[in-house]
Amino acid sequence: MTIEMRATEAGAPATTLDVIALYRTMVTARVTNDLLKTRKTQGRFPFYIGCAGHESMAAVVAALDEEDWLALYYRDLAAWLQRTGDMYGPLREAYSRTTGPMCAGRNMPSHYSSKRHRILPVFSEVAALCPFAGGVGFSIKQHQGKELVMCSTGDGGSATNDFSVLVRQASVHQLPVLIIIEDNGWAITTPSSVQWGGSLVEWVGGNGIYAEEVDGSDALQTYEATRRLAQHIHSGQGPAFMHLRLGLLDAHSSSTDIKTYRNKEEIELTAATKDPVKNLGRWLVEQGQLASDDIERMRKEIRKELEQIEQEVLQEPEPEPERVLQHVVYVPEWRENTPRGTKRQLTMLGAINEALTEQAKRDPDFFVYGQDVGSAKGGVFGATAALVTQFPGQAINSPLNEQVIVGIVSGAGMKDGKARCAEIQFVDYHQSATQTIRLAARIPYQSFGGWQTPMIIRTKSGSGGGGPISSSSAGGGGFGHSNTGEQWFTSIPGMITICPATPFDAKGLLLEAARAQSPVTFLERGRLYRSEPPKDSEGNLIAALAEYWNVPDGYYTLPIGKARRVRIGDGPVGAVIVAWGTMVLESCTAAANINKRTGSTVEIVDLRSLAPFDEETVAAAVKEANRVLVVTEESDLTSFGRHVHSWIVEHCFYDLDGLPVFVSALPSPAAPYNGIEETAFLPSAKNIEAKLEALLIE
Ligand SMILES: Cc1ncc(C[n+]2csc(CCOP(=O)(O)OP(=O)(O)O)c2C)c(N)n1
């Protein structure tokens, strides 16, 4: 049966809905739900979370176009079925089969995901997909696409930061986003009255987003409302919001006992009045479109079909243990390329400016998004100044919200597989975006390679500004401006972390980062932004490193995961220093001083790339020198430097003459503001020289 749906807004086209097909999808969702619930109770798999009461989401999807993107949540089985028609998928994921279309059996069931069907990968973290959905909407708008992105979450989800982030992204940038709160009255045992004060429609509406409350127990009303809101978006009037009132017909999940928090009367009333499947079935019978028998027959047919599907699925393979490390991280395969451009001496800031404009030249979709980056100053440090001049429109100002920034950039990257760049002014401030960053790095693993999240996060890190520690006074960054960052990012599986020491490396590595399919954190040391090449304590240039201040014109890339070896002196190597960022300069100064005083040759291994780090080069250098120092600007707590130190002990033990020496900042929160304390806190050439000297005479 098809029915003409009214055009409820001027200019909105009337549409035809096959109501019986919609009803069948809703029944399929309910029957699948009941089967999986039973199988979980029978102990056939560990967990199930259901959709009963939320089946009208099939009507939402029916009202959208196939090209529209979906950011669902775990109750949206009906939406999955409506979009994909795939009855196998939910069973394959429940039984953890490698054939699972969402995550190949790697994640819990009900985590809907399909690149082919434009369904973004659902997280267990409630509403965590919201900021990514904003990024997809941003990209649609940038490309002047005709589609929209629909993002749904529960009433509990409406209280999350992620939800507020999406509201802000959508309203500030007027994105083609339809946000739906599926309000079933409960967040596990907490009633929705605890999630917001006043009216949700007014709350969201106050952001300039058109908002409506809709009865989700009525699938046809839900369909009509979705058409209306989609039309609002398509006509260029900005984002829309639906507060969809539903009833939850089951317990929260297979781990919850409904009777412990809901009373019998309320459960019965909900079942009697808010069941969208029953309500639509009743309406079809009243309309004479179906007989009561038809409904029962349909249910049985579907159950039989599902049981057959289940038998097939049970023959399909479960994961082998060997695949556990597959799809953790995608490090781009470096393509040999020789920089041909004329070399000029540049600062690291100059090199970064050039990398960003080179990337914009190659990819018109590339942009940098962050606070102040679109101003003539080019962000607080001027890293995007050239982009602003040469490619206006590709350096875009964001609101002061790091999660908004990361969501926009990662969502846009997921949509078309191309990296854009987020600028976080100081690495300390990434902290409000931590969840989104970590999840972006998890997406390829969770979806078993179904999705990639290319994205560069550029951020100023390390103490203060103004030149290497040994050649300048205090950086003065103080708290909030001087954390190093590697301790936060190198611990994220799936994240690539880079920390260049020289302008040449900064440009080549930043351009290579844009080729990565995994997120890259690019730690720019504030002290190195305008730094001169390093000098020894008598003011002589250290030529072995200084050459990397000469930067070629044009495009070139350098490999991620490869360290650089810098040798100070001509004789056999007496010790090797493993360092990165500012500490490479400090280490070179220390090594040059030692070489001058004692004649000893010292090698510096500049890791450049921290995750992954170049284990092969570190091992080879240790084998040659037998004595090693690890130097890090991080506080002496659990840190990346400690990890490298421990790795050397574990893997190079028999090549060592003694315990590797560890040099770091002190175990306090970050570099204090005043110069005296800051100098006491940070490692510098002086400390390194003293440790090096002791090690060499050991
Ligand atoms: C960020 C986060 N906090 C807590 C949880 C644990 N948790 C899982 S579901 C849930 C309730 C979600 O309620 P709601 O958004 O209303 O959706 P419903 O399950 O009621 O459909 C909670 C607290 C989680 N998964 N994520």
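Residues numbered from 1 in each chain as written. Predicted model: local features only at pLDDT ≥ 70, side-chain atom pairs only at ≥ 80, totals over all residues. Heavy atoms only, no water.

Participant: Please set out the overall build of the protein residue by residue, giving values where relevant.
Facilitator: Counting its secondary structure elements, the protein contains 23 helices and 23 strands. A compact globule built from 698 residues would reach a C-alpha radius of gyration of about 26 Å, and the protein, at 29 Å, matches this within 12%. Here the C-alpha coordinates of the protein stretch approximately 100 × 55 × 45 Å along the principal axes. Relative to its 698 residues, the protein shows a buried fraction of 61%. Contacts in the protein between residues far apart in sequence, at least 24 positions, make up 78% of those at least 6 positions apart. The averaged location of the 82 negative side-chain charges in the protein is 1 Å from the averaged location of its 65 positive side-chain charges. (Helix = DSSP H or I, 4+ residues; strand = E, 2+ residues; numbered from the N terminus. Rg over C-alpha atoms; globule rule 2.2 N^0.38 Å. Buried < 20%, exposed > 50% of the residue type's maximum accessible area, 1.4 Å probe, protein only. Contact = heavy atoms within 4.5 Å. Lys, Arg positive; Asp, Glu negative; His and termini not counted. Charge placed at Lys NZ, Arg CZ, Asp CG, Glu CD.)

Participant: Quick one: what's the story with the packing of helix H14 (residues 402–416) against helix H15 (residues 434–446), residue by residue and with numbers?
Facilitator: The contact between H14 and H15 brings their axes to 10 Å, and the two run at 15°. In terms of their interaxial angle, H14 and H15 are classed as roughly parallel. Handedness of the H14/H15 crossing: left-handed. Contact with H14, carried on its side by Gln-403, Val-406, Gly-407, Ser-410 and Met-414, involves Thr-436, Ile-437, Ala-440 and Ile-443 of H15 and no other residues of that element. (Axes fitted to C-alpha atoms, helices over the stretch in contact; angles between N-to-C directions. Parallel < 35°, antiparallel > 145°, perpendicular 65-115°, else oblique. Left-handed = near helix turned anticlockwise from the far one by under 90°.)

Participant: Explain the packing of aromatic side chains to me, and be specific about the residues and the numbers.
Facilitator: Going through the model one piece at a time under the given rule, you end up with 18 aromatic pairs. Ring centres of Phe-138 and Tyr-369 lie 5.5 Å apart, and the angle between their planes is 55°; on these two criteria the pair is classed as tilted. Separated by 231 residues along the polypeptide, Phe-138 in helix H5 (residues 130–142) and Tyr-369 in strand E11 (residues 368–370) bring together distant segments of the chain. Neither residue differs from the other here; Phe-138 and Tyr-369 are each classed as buried. Judged by centre distance (5.1 Å) and plane angle (70°), the ring pair of Trp-580 and Phe-640 falls under edge-to-face. Remark: Phe-640 occurs in helix H21 (residues 640–651) and Trp-580 occurs in the loop between strand E19 (573–579) and helix H19 (582–598); sequence separation between them is 60 residues. Each member of the pair, Trp-580 together with Phe-640, is buried. A network of ring pairs unites the aromatic residues Phe-381, Phe-426, Tyr-429 and Tyr-529 as a single cluster. Of note, Arg-106 hangs over the ring of Tyr-445, and the distance from its end group to the ring centre comes to 3.7 Å. Of note, Arg-323 hangs over the ring of Phe-448, and the distance from its end group to the ring centre comes to 4.4 Å. (Phe/Tyr/Trp six-rings, centres within 6.5 Å; stacked < 30°, edge-to-face > 60°. Lys NZ or Arg CZ within 6 Å of the ring centre and 35° of its normal.)

Participant: With reference to specific residues and values, describe the nonpolar core.
Facilitator: Counting 80 residues, the largest nonpolar core has Phe-241, Tyr-369, Leu-607, Val-618 and Ile-648 as the members making the most contacts within it. The dominant element in this core, judged by the number of residues it contributes, is H14, at 7 residues. Formed by 68 residues, the second largest nonpolar core is a distinct cluster that contains Leu-346, Cys-421, Ile-498 and Ile-560. (Core = buried A, V, L, I, M, F, W, Y, C linked by side-chain atoms within 4.5 Å.)

Participant: Talk me through the site of the ligand; I want residue IDs and the actual numbers.
Facilitator: The immediate surroundings of the ligand are formed by 15 residues, with Tyr-73, Tyr-74, Arg-75, Gly-156 and Trp-186 found nearest. In this structure, Gly-156 approaches the ligand through a main-chain N or O atom, which is 2.7 Å from an oxygen atom. Across the complex, the protein chains shield 70% of the 580 Å² of accessible surface that the ligand would expose by itself. Among the residues making up the shell around the ligand, the classes are represented as 6 nonpolar, 6 polar and 3 charged. (Near = heavy atom within 4 Å. Polar contact = N/O pair within 3.5 Å; in protein donor to acceptor, adjacent residues only side chain to side chain. Areas by Shrake-Rupley, 256 points an atom, 1.4 Å probe, with all protein chains shown as cover. Nonpolar A, V, L, I, M, F, W, Y, C, P; charged D, E, K, R; others polar.)

Participant: Go over the sheet that holds strand E16 (residues 519–525) with me, naming the residues and quoting the values.
Facilitator: Ordered by their spatial adjacency, 7 strands build an open sheet running E12-E11-E13-E14-E16-E15-E21, and the pairing between neighbours is mixed. The sheet is open, and its two borders are formed by strand E12 (395–397) and strand E21 (609–611), each paired with just one other strand. Along the sheet, successive strands turn relative to each other by an average axial angle of 25°, direction set aside. Across 5 bridges, the pairing between strand E13 (residues 421–426) and strand E14 (residues 455–461) is parallel. Along E14, the bridge assignment pairs Glu-423 with Arg-458. (Pairing = 2+ DSSP bridges.)

Participant: Would you mind going over empty space enclosed by the protein in detail, with residue names and values included?
Facilitator: Inspection of the entire model under this criterion finds 4 cavities of 30 Å³ or more. Considering only enclosed or pocket space, the largest cavity measures out at about 80 Å³ in volume. Per-element tally for the lining of the largest cavity: the top contributor is strand E4 (residues 149–154), with 3 residues. A class-by-class count of the residues in the lining of the largest cavity yields 11 nonpolar, 2 polar and 1 charged. (1 Å grid on protein atoms, 1.4 Å probe; cavity = no way out; pocket = protein on both sides within 12 Å on 5 of 7 lines; lining within 4 Å. Points joined across faces, edges and corners; volume = space filled by probe spheres on them.)

Participant: Can you explain the pairing of E13? Please cite residues and give values.
Facilitator: Across the 6 residues that make up E13, a large majority, 6, are buried. Crossover E13 to E14 through H15 is right-handed. (Right-handed = clockwise from strand over helix to strand, strands pointing away.)

Participant: Give a description of the confidence of the model for the protein that names residues and reports values.
Facilitator: Taken residue by residue, the protein gives an average pLDDT of 95. The fraction at 70 or more is 96%. Low pLDDT, under 50, characterises residues 7–12; the predicted model gives this stretch 11 contacts beyond four residues in sequence or across chains. (pLDDT = per-residue confidence, 0-100.)

Participant: Describe the sheet that holds strand E8 (residues 210–215), with residues and values.
Facilitator: Here we have 5 strands laid out as an open sheet, ordered E3-E4-E5-E9-E8, and parallel in their pairing. Two strands in the sheet have a free side with no partner beyond their single neighbour: strand E3 (69–71) and E8. Strand-to-strand twist in this sheet, taken as the mean axis angle between neighbours without regard to direction, amounts to 20°. Pairing of strand E5 (residues 177–183) with strand E9 (residues 240–245), which is carried by 6 bridges, proceeds in the parallel orientation. Its bridge partner being in E9, Glu-182 is matched across the sheet by Leu-244. This element, helix H6 (residues 161–173), spans E4, E5 and E9 of the sheet and lies at about 150° to E5.

Participant: Explain the state of the cysteines to me, using residue names and the numbers behind them.
Facilitator: Under the counting rule described, the total for this entry stands at 0 disulfides. Left unpaired, Cys-421 is separated from the closest cysteine sulfur, that of Cys-499, by 15 Å. Judged by relative accessible area, Cys-421 falls into the buried class, the value being 0%. Cys-588 provides the cysteine sulfur closest to Cys-499, a residue in no disulfide bond, and the two sulfurs are 14 Å apart. (Disulfide = S-S within 2.5 Å.)

Participant: An account of the environment of Thr-260 is requested, with residue identities and associated values reported.
Facilitator: Residue position: Thr-260 is located in the loop between E9 and helix H9 (264–273). Sequence separation between Thr-260 and Thr-189 is 71 residues; the distance between their C-alpha atoms is 8.7 Å. Reaching out from Thr-260, the side chain makes a polar contact with the backbone oxygen of Asp-257 at a distance of 2.6 Å.

Participant: Any chance you could break down the pattern of salt bridges for me, citing the residues and the numbers?
Facilitator: By the definition in use, this model includes 42 salt bridges. A salt bridge links Arg-344 to Glu-354; the nearest nitrogen and oxygen atoms lie 2.7 Å apart. One end of the pair, Arg-344, is in strand E10 (residues 343–345); the other, Glu-354, is in helix H12 (residues 348–362), and 10 residues separate them in sequence. When the shortest N-O distance is used, the salt bridge between Glu-486 and Arg-525 registers 2.7 Å. With Glu-486 in helix H16 (residues 486–489) and Arg-525 in strand E16, the pair connects residues that are 39 residues apart, well separated along the chain. Each of Arg-344, Glu-354, Lys-507 and Asp-553 takes part in a single network of salt bridges with overlapping partners. (Salt bridge = Lys/Arg side-chain N within 4 Å of Asp/Glu carboxyl O.)

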